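Observations on the model geometry
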Amino acid sequence: MSHNTPPQIASWILTRLLDRDAREFGLGDLQEEFDVRARGNPASARRWYRRQMARAIATRLTPRRRQPAFLPSAVAHLARVGAGTVQDIRYAARSLRSSRAFTAMAVLTLALGIGATTAIYTILDTVLLRPLPFQDPDRLVILRNGFVDGRPGEWLLSFPDYLDYQAGAEGFEHLAAWLIHTPGLSSDDGAPPVRIRSLDVTWDLLPALGIRTVLGRAFLPQDDRAGAGQPTALLSHSLWRDRFGSDPSVLGREIRLDGRPYTVIGVLPPGFTGAIGGSVLPATAPDVWLPLRNSFSADGIELRGLSNVSVIGRLRPGVSLEQARFELASIAAAIARQFPEGRDGEGPVLQSAGDAAARPVRGVLLILFGAVSLLLLIACTNVASLILGRAAARGREFAIRAALGAGRGRLIRQALAESLLLALLGGAAGWLIAHLTVQAMSQLDFLSIPRLATASVDTRILGFLVAVSLLTAGVVGVVPALRVSRPQLRTAIKSGDRATAGGSESLTRQSLVVAQIALATLLLVGAGLLIRSLRHALEIDPGFVPQSVLTARLQLPLRFVDPEWRTSVDLFERLLARIERLPGVTSASAAYMLPTDPGWSNSFQIEGPPPSTARERKPQAIFRPVTPGYFRTAGVRLHRGRTFTARDSVDAPRVVIVNESFVRTYFDDREEPLGRSLVYGNWWAGGPPEYEIVGIVEDVHFSGRTEETPPATYFPHAQQPVREMYLLVRAEGDPWDLVDSIRAATSAVDPTLPVDTVATLEELLAETESSRRSIALAIALFAATALFLSAIGVYGVMAFLVLQRTREFGIRLALGASHADIRAMVLGRGLTLAAIGLLIGLGAAIPVSRVLSGLLYEIRPTDVPTFTAVVLFLGAVGCIATWIPARRATRIDPMVSLRSE
Amino acid sequence: MGRALGEFEQMVLLALVRLGDDAYGVRIKEEIERRTGRELFIGAVYTALARLQKSGAVSSRVGEPTAKRGGRRKKFYRLEPAGEVALNRAYAAYREMTSGIEPKLESMGTSRGSS
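We now turn to the structure provided with this report.

Reading the values: the criteria
- Residues numbered from 1 in each chain as written.
- Chains lettered and ligands numbered in written order.
- Predicted model: local features only at pLDDT ≥ 70, side-chain atom pairs only at ≥ 80, totals over all residues.
- Heavy atoms only, no water.
- Contact = heavy atoms within 4.5 Å.
- Buried area = accessible area lost by both parts, 1.4 Å probe.
- Salt bridge = Lys/Arg side-chain N within 4 Å of Asp/Glu carboxyl O.
- Polar contact = N/O pair within 3.5 Å; in protein donor to acceptor, adjacent residues only side chain to side chain.
- Helix = DSSP H or I, 4+ residues; strand = E, 2+ residues; numbered from the N terminus.
- Pairing = 2+ DSSP bridges.
- Phe/Tyr/Trp six-rings, centres within 6.5 Å; stacked < 30°, edge-to-face > 60°.
- Buried < 20%, exposed > 50% of the residue type's maximum accessible area, 1.4 Å probe, protein only.

1. Observations concerning the interface of chain B and chain A
Between chain B and chain A, the contact holds 24 residues from the first and 21 residues from the second. At the boundary of chain B with chain A, total buried surface from both sides reaches about 2,100 Å², with 53% on carbon and sulfur atoms. Sorting the residues of chain B by area buried against chain A places Glu39(B), Phe41(B) and Arg72(B) first, and these three jointly supply 32% of that buried surface. For the pair chain B and chain A, the number of links is four salt bridges. A salt bridge links Glu24(A) to Arg73(B), with the nearest nitrogen and oxygen atoms 2.9 Å apart. Joining chain B to chain A, the criterion identifies seven residue pairs in polar contact (both at pLDDT 80 or more).

2. A closer look at the environment of Arg642(A)
Residue and element names in this part refer to chain A. Mapping Arg-642 onto the fold places it in the loop between strand E20 (638-641) and strand E21 (655-659). Along the primary structure Arg-642 and Ile-693 are separated by 51 residues, whereas in three dimensions their C-alpha atoms are 9.6 Å apart. Those residues in contact with Arg-642, other than ones at most four positions away along the chain, are Asp-648, Val-655, Ile-657, Val-694 and Gly-695. A polar atom in the side chain of Arg-642 sits 2.9 Å from the side chain of Asp-648.

3. Some points on the pairing of strand E11 (residues 260-267) of chain A
Residues and elements named next belong to chain A. By the bridge criterion, two bridges tie strand E8 (residues 215-216) to E11 in an arrangement that is antiparallel. Looking at the pairing, Leu-215 lines up with Val-267 of E11. Bridge count for strand E9 (residues 232-235) against E11 is four bridges, and the pairing is parallel. Of the residues in E11, the one forming a bridge with Ala-233 is Val-264. Remark: two residues form the turn of the hairpin made by strand E10 (residues 254-257) and E11, two consecutive strands paired antiparallel; Asp-258 in that turn has positive phi of roughly 50°.

4. A closer look at the packing of aromatic side chains
Residues and elements named next belong to chain A. Evaluated as defined, the whole model comprises 21 aromatic pairs over all chains. Note on Phe-662 and Tyr-666: the rings are 5.0 Å apart at their centroids and 65° apart in plane angle, and the pair reads as edge-to-face. Here Tyr-666 and Phe-662 lie together in helix H18 (residues 660-666), a separation of four residues that amounts to about one turn. Each of the two residues, Phe-662 as well as Tyr-666, counts as buried.

Printed below as a string of structure tokens:
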């Protein structure tokens, strides 16, 4: 290559960049000048030549009103598109900035729609779509007992039954059992013990889940054996961190739980909390893991009548759920042949762990997702309507630009750029809303979903969000852009703003408003039905008097247990007497389980000739030892017979009090339950198995007010003592004032007694309603948002209509119409739209509200008061949204409006 | 030619007057560069010339190929009457605006003494 020829690549590019007409002359000029320069300094001449090339490219990319004449048209076109896009976006940004009210409204609308949808989707994804956080979660299954004929209702297994299943089932790699306990953890410095949660597990539970320890070892079969020497324990990662400062030397150390020593052998990994819920694993994360057969749980696990273990299994690869069910059914039949007592209609129920975990909330989440999708639809129609209105108002601007040579494609792109920008802004704001919503829901323990704590708006959901944004942009952008791109140019320019919105675009916007109101009606009906259900539920008498009662848990350490439990019974007597003497206390009692917790059930036989009522149900009842003052303190009314007294001691004849549900279930009207006896199996080894019914009390709604009350049996605590008891103290005033004096009284009786989980009965009762409350609140929030958006929609359309028809109104006024006539016209139009939307919405609500029927209580999906209220409410909102533009229409001065041409 | 000339168009036309028959792309460019001291891109010169030709201010003819330019031909430009009128009008306006204040204009900027 010679030094006095121009650089070849630059020359080649310049050739392509120059228009054919000018190519020869331009290149000639460049060559001529290059030659002159090259004579002085060839290197600098080549640099100069390359600079010329760069300038040619820069010229090409700079948008100019007139392109350089010598640029070839194809390149010029490409350059124009590129430059045009930048220009479009800049133009769109400027245009959005200049109409702040419109932009704010549109972005807010999109943000609400996108944010709410993403939040609900995030939760849905975490709970329903994401697999359980275990190795090969597809092979994990849950085994419970249920009715073989498919009636609803499931219960836990007894440990001996579990062992039989485990021994016989070939289709499982592991079949593990767990139950939860809450022992007191003693500290070294003599401070009172702290109540922690322990998960007592068979040794193969962790291998079944595929979880390994991060420190030390997991349980081995020899750990999980009765009387296998000093029991061992695993620590959760958080307990290890918070209580032991993440000290690795914790291995081999001894911890005391309820006074009994355990050797720490390992620490579980940080990501694994063990909280899943839905009967897969407990809903609250355990702090320690203990071997089931060598811990507290070992008490009584040999009894077939005590159903208290949850069973989780891992199928062998290739074994289907059906095969496993078949196998378990044959084992169940063998067990039933050997131990037929109380097994009528009972059979094993096997389900996948994923289904079991999602089941309690699946329906609710799908309904919420449906509701939030409606909200998103409303948001989209609202933005579409806003953009349409704006496009119509800018008809003249577009017409002029079209007349000046802006192509149809260019105008569409322009409009799309604006929509895209709106969608992106709305998406960003929506992401923020979604993030805050998910956080708030997790903190408020929304629907009690433990896995919500791990939910975060992750990248997958962000992708979903972007897709929603872009889809929205497409929906709201293309329609107006298409319409804008075929304006009747001459008329549009001549007539200015007012006449541009012809019949069809007005119709489009009005249809959108109708659609919005219909959707909002649907949501309002849903919210109304749920709120009315909640109110119905709250009106139900729970069967006890929750006000002014303080509750606390008191689990006796093992050393209080002697063969006949006299020490522990005596301890409770002394403690309750002391508490009752405290100022401000009306009465005090203790019970195994609170009235808001169904606890465990027990099976039994009714003595004597079999009662005449059909008895396909296994005779089973809630098991509830209470101290004599319990019924008075909790406010449970006695219907017949007597309550317990101090004379019902361990040495006295055995007695039991049953509830009305028990009488309804196991006796018919002609039979007298009082005086009959219940016969228990080997449940209580220390005394006679027969208990005489001495009283009948009213039903307590153990699982929340709307749940049916199962049969229940109350026992004198002295005759059926248990270690885990709840104190119930009725106060004269605020029950919280008693907390300190009750603690003081407890430690005066025995300083090592831990009092924990203090709460008022009222709070606990409210908690049983919390899921119903959460759902009603969420749907009500969605409905309120929908209503707000629809009101904006109606207002926007009507305000625009008034603006459009200013001239017409002016003429009418000039011709003698009164202001009231004009106002009536506008109001009439707005209310007609609202009425049409309302009718469509109500029509759709009748079938759609059926999906809610599972959540409704004593209310039909076609509840007339709800529908009436929705009509009135929406009507009122429609009136307000229309009234403002209607009033503006009456302020029109005919002279001004006619001159405004 | 009804409209007023832009500044760069004026310079291109003035260069044509100076160059006479030898007015083609690179010459025009050099003439303006030498006298104003600013560097131009040849494309800008052609753009202005195309615009001027469209409005009738200049006309062009294609010359013979020369070896010096790699065998490429030149395109010569000539001032047309419409261009002369426009240039004259621009010059008159400029003169009217500057008459009597020349000393002042010339002292402007220099008093601050850049270099």
